[in-house]
Amino acid sequence: MGTEQASGVEISEPLLLDTEADRKIRVVDSDEQEEEEIIPEWKEQITIRGLVVSALLGALFCIITHKLNLTVGIIPSLNVAAGLLGFFFVKSWTGFLSKLGFHVKPFTRQENTVIQTCVVACYGLAFSGGFGSYLLSMDEKTYKLIGEDYPGNRAEDVKNPGLLWMMGFIFVVSFLGLFSLVPLRKVMVLDYKLTYPSGTATAMLINSFHTNTGAELARKQVNCLGKYLSISFIWSCFKWFFSGIGDSCGFDNFPSLGLTLFNNTFYFDFSPTYVGCGLICPHIVNCSVLLGAIISWGFLWPFISQRAGDWYPADLGSNDFKGLYGYKVFIAISLILGDGIYNLIKIIAITIKEICRNSTDQNIPVIKEVADSHSSKLLVEQRKRDEVFLKDRIPFWFAASGYVALAAISTATMPMIFPPLKWYLVLCSYIIAPALAFCNSYGTGLTDWSLASTYGKIGLFIIASLVGSNGGVLAGLAACGVMMSIVSTAADLMQDFKTGYLTLSSAKSMFVSQLVGTAMGCIIAPLTFWMYWSAFDIGTPDSPYKAPYAVIYREMAILGVEGFSELPKHCLALCSGFFVAALAINLLRDLTPKKVSQFIPIPMAMAVPFYIGAYFAIDMFVGTVILFVWERINRKDAEDYAGAVASGLICGDGIWTIPSAILSIFRINPPICMYFKPSSS
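These numbers were taken from a predicted model, which means no experiment stands behind them. Note that residues are indexed from 1 along each chain, following the sequence as it is written. Confidence filtering applies because this is a predicted model: local features only for residues at pLDDT of at least 70, side-chain atom pairs given and counted only at 80 or more, and all residues used for totals across whole chains, interfaces and linings. The side-chain values count all of the structure's non-hydrogen atoms but skip hydrogen atoms and water molecules.

## Observations concerning the overall build of the protein chain
Part 1 of the reasoning: Helix and strand labels come from DSSP, where a helix needs a run of H or I of at least four residues and a strand needs a run of E of at least two; each type is numbered from the N terminus. When helices and strands are counted, the protein chain shows 26 helices and three strands.
Part 2 of the reasoning: The C-alpha radius of gyration of the protein chain comes to 26 Å, within 12% of the 26 Å expected for a compact globule of 681 residues.
Part 3 of the reasoning: For the C-alpha atoms alone, the extent of the protein chain along its principal axes is close to 85 × 55 × 50 Å.
Part 4 of the reasoning: Burial status follows relative accessibility: with a 1.4 Å probe on protein chains alone, a residue under 20% of its type maximum counts as buried, one over 50% as exposed, and anything between as partly exposed. Expressed as a percentage of the 681 residues in the protein chain, the buried residues total 54%.
Part 5 of the reasoning: Every residue pair with non-hydrogen atoms within 4.5 Å of one another is taken to be in contact. Within the protein chain, contacts between residues at least 6 apart in sequence are counted, and of these 81% link residues at least 24 apart.
Part 6 of the reasoning: Total accessible area on the protein chain stands at roughly 28,500 Å², and carbon and sulfur atoms take up 65% of it.
Part 7 of the reasoning: Looking at charge distribution, the protein chain has the averaged site of its 49 positive side-chain charges lying 0 Å from that of its 54 negative ones. Computation of the radius of gyration draws on C-alpha atoms alone. For the globule rule, the value is 2.2 Å times the number of residues to the power 0.38. Calculation of accessible area relied on Shrake-Rupley with a 1.4 Å probe; when residues are assessed, cover is drawn exclusively from the protein chains displayed. Charged-residue counts in this description rest on Lys and Arg as positive and Asp and Glu as negative, His and the chain ends being excluded. One atom stands in for each charge, and that atom is NZ of Lys, CZ of Arg, CG of Asp or CD of Glu.

## Thoughts on the state of the cysteines
Part 1 of the reasoning: When two cysteine sulfur atoms are found within 2.5 Å, that pair is recorded as a disulfide. Scanning the entire structure with this criterion turns up one disulfide.
Part 2 of the reasoning: Across the disulfide, C249 is cross-linked to C673 (sulfur-sulfur distance 1.8 Å). Between C249 and C673, the S-S torsion sits near -70°, and that sign places the bridge as left-handed. Linking C249 in the loop between α10 (212-240) and α11 (259-263) with C673 in the segment after α26 (635-665), this pair joins segments that are 424 residues apart in sequence.
Part 3 of the reasoning: A relative accessible area of 5% means that C249 is categorised as buried.
Part 4 of the reasoning: Sulfur of C571: no disulfide; nearest cysteine sulfur belongs to C575 and is 3.9 Å away.

## A few points about unusual backbone geometry
Excluding glycine, residues mostly have negative phi values, and the peptide bonds linking residues are mostly trans.
Part 1 of the reasoning: The phi angle at T265 is positive, at roughly 70°, despite the residue not being glycine.
Part 2 of the reasoning: By the element assignment, T265 lies in the loop between α11 and α12 (272-280).
Part 3 of the reasoning: Even without a glycine there, the phi angle at F270 is positive, about 60°.
Part 4 of the reasoning: Relative to the helices and strands, F270 is located in the loop between α11 and α12.
Part 5 of the reasoning: On the basis of relative accessible area, F270 is assigned to the partly exposed category, the value being 23%.

## Some thoughts on the packing of aromatic side chains
How two aromatic rings sit relative to each other is given by the distance of their centres and the angle of their planes.
Part 1 of the reasoning: Centres within 6.5 Å make a pair out of two Phe, Tyr or Trp rings, where for Trp the six-membered ring is used; the pair is then stacked when the planes are under 30 degrees apart, edge-to-face when over 60, and tilted otherwise. The final tally for this structure, using the stated rule, is 45 aromatic pairs.
Part 2 of the reasoning: When the centroid spacing of 4.8 Å and the interplanar angle of 45° are considered together, the rings of F262 and Y267 count as tilted.
Part 3 of the reasoning: Ring centres of Y267 and Y615 lie 5.8 Å apart, and the angle between their planes is 15°; this geometry places the pair in the stacked category. With Y267 in the loop between α11 and α12 and Y615 in helix α25 (residues 615-633), the pair connects residues that are 348 residues apart, well separated along the chain. Like Y267, the residue Y615 is buried in the burial classification.
Part 4 of the reasoning: Cluster of aromatic residues (ring-pair linked, three or more members): W235, F238, F242, F251, F254, F268, F270 and F676.
Part 5 of the reasoning: A positively charged side chain is recorded as over a ring if its NZ (Lys) or CZ (Arg) lies within 6 Å of the ring centre. The angle to the ring normal must also be within 35 degrees. Between K141 and the ring centre of W533, over which it is positioned, the NZ or CZ distance is 6.0 Å.
Part 6 of the reasoning: Lying over the aromatic face of F389, R185 brings its terminal NZ or CZ to 5.1 Å of the ring centre.

## Looking at the pattern of salt bridges
Part 1 of the reasoning: Note on definitions: salt bridges are taken to be side-chain nitrogens of Lys or Arg within 4 Å of carboxyl oxygens of Asp or Glu. Considering all chains together, one arrives at twelve salt bridges under this definition.
Part 2 of the reasoning: Here K144 makes a salt bridge to E140, at a shortest N to O gap of 3.2 Å. In this pair, K144 and E140 are both assigned in helix α5 (residues 140-146), four residues apart and thus about one turn of the helix distant.
Part 3 of the reasoning: Of the residues examined, K144 reaches a relative accessible area of 45% and is grouped as partly exposed.

## Here we look at the nonpolar core
Part 1 of the reasoning: By size, the foremost hydrophobic cluster in this structure holds 187 residues, and its most contacted members are F61, F169, M414, F418, L421, F497 and F616.
Part 2 of the reasoning: With 18 residues, helix α19 (residues 472-502) is the largest single contributor of residues to this core.
Part 3 of the reasoning: Once residues within four sequence positions are removed from consideration, F497 is found in contact with R185, V189, F389, I394, A507, M510 and F511. Buried Ala, Val, Leu, Ile, Met, Phe, Trp, Tyr and Cys residues that are joined via side-chain atoms within 4.5 Å together make up what is termed a nonpolar core.

## Some thoughts on the packing of helix α20 (residues 507-535) against α26
Part 1 of the reasoning: Lines are fitted to the C-alpha atoms to define the axes, a helix being fitted only along its stretch in contact, and any angle between axes, read from their N-to-C directions, falls within 0 to 180 degrees. It is the contact of α20 with α26, at a shortest axis distance of 9 Å, that shows an interaxial angle of 40°. With respect to each other, α20 and α26 are oriented oblique. Judged by the sense of rotation from one axis to the other, the crossing of α20 with α26 is left-handed. The segment α20 lies against α26, with M531, Y532, S534 and A535 engaging T657, I658, A661, S664 and I665.
Part 2 of the reasoning: Each residue is assigned to one class: nonpolar for Ala, Val, Leu, Ile, Met, Phe, Trp, Tyr, Cys and Pro, charged for Asp, Glu, Lys and Arg, and polar for all the others, Gly among them. For the contact of α20 with α26, a count of residues per class yields six nonpolar, three polar and no charged. Roughly parallel covers angles under 35 degrees, roughly antiparallel covers those over 145, roughly perpendicular covers 65 to 115, and oblique covers all other angles. Throughout, a crossing is termed right-handed when the near helix is turned clockwise from the far one, and left-handed when it is turned anticlockwise from it by less than a right angle.

## Topic: a nonpolar patch on the surface
Part 1 of the reasoning: On the surface, W423, Y424, L427, I431 and I432 cluster together into a nonpolar patch covering about 540 Å² of accessible area.
Part 2 of the reasoning: Residue position: I431 is located in helix α17 (residues 423-447).
Part 3 of the reasoning: Classification of I431 as exposed rests on a relative accessible area of 59%. What makes a patch is a set of residues exposed beyond 30% relative accessible area and free of salt bridges, joined within 9 Å when like-charged and within 5 Å when nonpolar (Val, Leu, Ile, Met, Phe, Trp, Tyr).

## A look at helix α9 (residues 197-209)
Part 1 of the reasoning: Between its terminal C-alpha atoms α9 stretches 19 Å, which fits the 18 Å expected from 13 residues at 1.5 Å a residue.
Part 2 of the reasoning: Taken together, the buried positions of α9 are G199, T200, T202, A203, L205, I206, N207, S208 and F209. An expected span of 1.5 Å times one less than the residue number is assigned to each helix.

## Remarks on the environment of Y501
Part 1 of the reasoning: Note that Y501 resides in helix α19.
Part 2 of the reasoning: Since its relative accessible area comes to 9%, Y501 is described here as buried.
Part 3 of the reasoning: Along the sequence, Y501 and T200 sit 301 residues apart, while their C-alpha atoms lie 9.3 Å from each other.
Part 4 of the reasoning: Ignoring sequence-local partners within four residues, the contact set of Y501 consists of V189, L190, Q382, R385, D386 and F389.

## Digging into α26
Part 1 of the reasoning: Taking 1.5 Å as the rise per residue, α26 with 31 residues should run 45 Å; its terminal C-alpha atoms sit 45 Å apart, in good agreement.
Part 2 of the reasoning: Two axes define the bend at a residue: one fitted to the seven residues ending there, one fitted to the seven starting there, and the bend is the angle between them. Approximately 45° is the largest bend angle found in α26, and it occurs at Y641.
Part 3 of the reasoning: Two residues or fewer past α26, R667 is found with a positive phi of approximately 55°.

So, to be careful, I would describe these as geometric facts and stop short of saying anything about function.
Shown next as structure tokens:
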């Protein structure tokens, strides 16, 4: 997806500001027409209409995130769609009221930024809340899927999803990350000048919306998004009529590449969501997913299945961890851990190096003379942004006391929700969490890669091994949630501070909108998950909503307690090989020149189809081929509209989930089962 750029936006100001001019800047659009822009006070940047739009979009993106989490576990960034749809809804509302003769407050880029921040904070909890991973891995279905007689898999380590306790859990862990790094916002954004690539791209996009030329492009993008949203919704509705009862009918099981490949999960399932993900994700990610599917389902699993009766008993069920299913899960885990540990070490090393460089660099640049008007405007623009960013301070005592108070509440509450997780373990987690949150936020600022799930897995292994066999699985999974929530929300907040800095939005309005968005997410994310839980068969391997990471996280917790003694024959050797391969591939990506490394696959992306199947890899590859051809035909159009097309496809399919869930709750089944089998049978 091409990066949207704000063409022709320049900011200038008089060198000596009077009282009234203190809140004004000059904006020069692409036609060199100057107009005054008044920067609203931080309270004016947060509006009722903005919060309503944020709640609506937050619910939509939570539904989409849950669907992706419960099907394939790959979630593309929806920040651009949040900014674009926020602009569309408020502009449509203000335009409608203006035509009726009402006076409406102008829609500013600061309000647009607040909406985008609020939406991202809301739907971010659908991921970091663990509804498709660590929380779901506690349930009875995952326990039985692994096997009631499986060593380390105890019935006492089961906690089925419940709406109230999930809301309580999300409330007590999700706000701490917001308070952990607030005092360091100036250090991260102004002193270290971290780029936060996604935050910068979002800011450029929002800035472009609020120029004459950018507003026209935004209108076209919204029309494009609406068209493909409608197409996706209608197509998903049409597919439903042929999907029958069960999980083997319809276009989702269409043997488009032949029945032989279909039996090995190689087929195109006509999913707008996965095609949209292919349009958003970089080409190398999509190709890595397809390569992982070919290696696993094309070669490795057929090879191992031929050794049934030797490597594992031939009469085992398809979901027995002592058989082929165990190889699928553990080899996927080894690739994920190898990739995660490598990148964790790499980013910590980069962080330490950069901090040391910044602390020893005493050469403060002195500008002796302004060379020309352009550099003068850039200097004035930076001064203005610094001034706005530092104007509304968030006191250190407020952040510190907020963190301590929330940590105390969480330390007292967590053992009530998860009895094996003792209060002193929770307290220790909160003592070390700010340091890990800083590492993750700094690394995200440098590389745009948040390793929240990796920090969560580290917490999982440590706590599971400390608690041991008497509740270690449940305690480890809960600790994973604690650590993952803190480091994830801290990185998101710093990224939003960067976006606010570049759009001249108040840091205080960014912080408050993050708080409001998180509060919305604590309610909306569990409610939208409960819709899926009530309507669909979640966690069954043959279901569309197989929740792949639920099994993976529970197995990680069991490994933390029991070790590797119960793995199938040769499984440990294969896992070690793939773990080392993940390290070697990442090292190769970093050592080779960019023109070579851009073609080296990403192990984390390769790991996903090892467990899930190849069908979604085909869909994503179709998306990447469409984008590749589009870029060759008209690169500018592809950069301008590919994100809108992808967002429309994903959102349309996501919206259809709501009526589909309602039909399922009322036991209204599709009237037709379209099924394929060999003609000889």
